[in-house]
2 protein chains.
Amino acid sequence: MTTTTKIGTELASPDTSPAACCSPLAKPDMESEDAAVTAGLFKALSDPNRVLILNLLVNGDGPVCVCDINVHVPLSQPTVSHHLKKLVAAGLLTREQRGVWAFFDIDRQALAHLGEVFRPGRRS
Amino acid sequence: MTTTTKIGTELASPDTSPAACCSPLAKPDMESEDAAVTAGLFKALSDPNRVLILNLLVNGDGPVCVCDINVHVPLSQPTVSHHLKKLVAAGLLTREQRGVWAFFDIDRQALAHLGEVFRPGRRS
DNA sequence: TCCAGACATTGACGGATATCGATATATCTG
DNA sequence: CAGATATATCGATATCCGTCAATGTCTGGA
């Protein structure tokens, strides 16, 4: 989609558009693909109830069963299940079946990765 | 532009079954309101193109003008403007007008805050 | 084998969001 | 003031997402 915004960034024509606004901008060190992956991670955390669930698990020190989560989150059981599934799909939680109950735990490595995504000069 | 997902609606059904599965779960240290704010931050980063823009600015060492961003992001000019507005609203970017051009820069403090949201036992 | 409980899946609905083209606003220049 | 350029806003649209009620699936116990 070559937008009609013709900006003389690359054209070094001496007399054309001044475009003196632009300083030499560092080349992006992130591909579109990486951006999509990273955005997916953040999207998993873009819901208040999922943030609540994650906070619940961060402060625990081990797997927590769904019934406990249901108590603390003001949502219907199917909706909680939906959110848990998303968090697992994003790699932020792990699921473990114990008899009738499902236990979820935090993937602390994935969580730690979050804080490093936007370190300058970092290759994700 | 209220909260995208209402968090404090009516409780669906008190799922307070005895359920001998549950170990004593640590009480949540995050209120619904905090969760909404945090989720808002992450939501601003839940779009691949916004991640791309932020990455672009992280690796620069100062304000960058829109025309530079337009070159690096495969979107129309209005759409880029839309994304920049969202990032500013989230507090992740600052905007500065320099004559005809608009320059955006990263709020590194807000960015650093991201990595600390889910530290165990951390209050916001 | 049948039942009850725990959790997941389905289907539908309403609201949010990304995207674009067209247009408006603002700023410099002549 | 008129024209050119940079950016924002508007209006429309297609898609995505959170939510729930209903239902399905699996496990353990009687």
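Everything below is about the structure shown above.
Anyway, here's the lowdown on the structure attached to this text. (Residues numbered from 1 in each chain as written. Chains lettered and ligands numbered in written order. Predicted model: local features only at pLDDT ≥ 70, side-chain atom pairs only at ≥ 80, totals over all residues.)

### Topic: the overall build of chain A
Defined as follows: Only runs of H or I of at least four residues qualify as helices and only runs of E of at least two qualify as strands under DSSP, and these elements are numbered from the N terminus. The exposure label follows from counting other C-beta atoms within 10 Å of a residue's C-beta, where the C-beta atoms are placed from the backbone and the thresholds are 20 or more for buried and 12 or fewer for exposed, leaving partly exposed in between.
Looking only at helices and strands, chain A features five helices and three strands. In chain A, which comprises 124 residues, the proportion classed as buried is 31%.

### Points about helix 2 (residues 48–59) of chain A
Basically, it comes down to this: Helix span, expected: 1.5 Å multiplied by one less than the number of residues in the helix. Working definition of a contact: two residues with C-beta atoms, positioned from the backbone, lying within 7 Å.
In a regular helix each residue adds 1.5 Å, so twelve residues correspond to 16 Å; helix 2 of chain A covers 17 Å between its end C-alpha atoms and thus fits that length. Within helix 2 of chain A, eleven of the twelve residues are buried, leaving the element largely enclosed by the surrounding structure. Within helix 2 of chain A, the full set of buried residues consists of Pro48(A), Asn49(A), Arg50(A), Val51(A), Leu52(A), Ile53(A), Leu54(A), Asn55(A), Leu56(A), Leu57(A) and Val58(A). On its buried face, helix 2 of chain A is in contact with helix 1 (32–44), strand 1 (64–65), helix 3 (66–72), helix 4 (77–89) and strand 3 (101–106) of chain A together with helix 1 (32–44) of chain B.

### Examining helix 2 (residues 48–58) of chain B
Most of helix 2 of chain B sits inside the fold, with ten of its eleven residues counted as buried. Buried residues of helix 2 of chain B: Pro48(B), Arg50(B), Val51(B), Leu52(B), Ile53(B), Leu54(B), Asn55(B), Leu56(B), Leu57(B) and Val58(B), and no others. Turning to helix 2 of chain B, the residues buried within the fold contact helix 1 of chain A together with helix 1, strand 1 (64–65), helix 3 (66–72), helix 4 (77–89) and strand 3 (101–106) of chain B.

### Here we look at the sheet that holds strand 2 (residues 93–98) of chain B
All names here are of chain B. To keep it simple, the criterion reads: In this scheme, strands are said to pair when DSSP sees at least two bridges between them. Simply put, an axis is a line fit to the C-alpha atoms, just over the touching stretch for a helix, and the angle between two N-to-C directions goes from 0 to 180 degrees.
Overall, antiparallel pairing links the three strands, which are arranged 1-3-2 in an open sheet. Edge positions in the open sheet fall to strand 1 and strand 2, since each of these has one partner strand only. Bridge analysis of strand 2 against strand 3 gives six bridges, and the strand direction is antiparallel. Across the sheet, residue leucine 93 finds its bridge partner in strand 3, namely isoleucine 106. The sheet contacts of helix 2 involve strand 1 and strand 3, and relative to strand 3 the element is tilted by about 85 degrees. Sheet strands touched by helix 4: strand 2 and strand 3. Its angle to strand 2, the strand with the most contacts, is close to 120 degrees.

Spatial relationships are all this shows, so hold off on functional conclusions.
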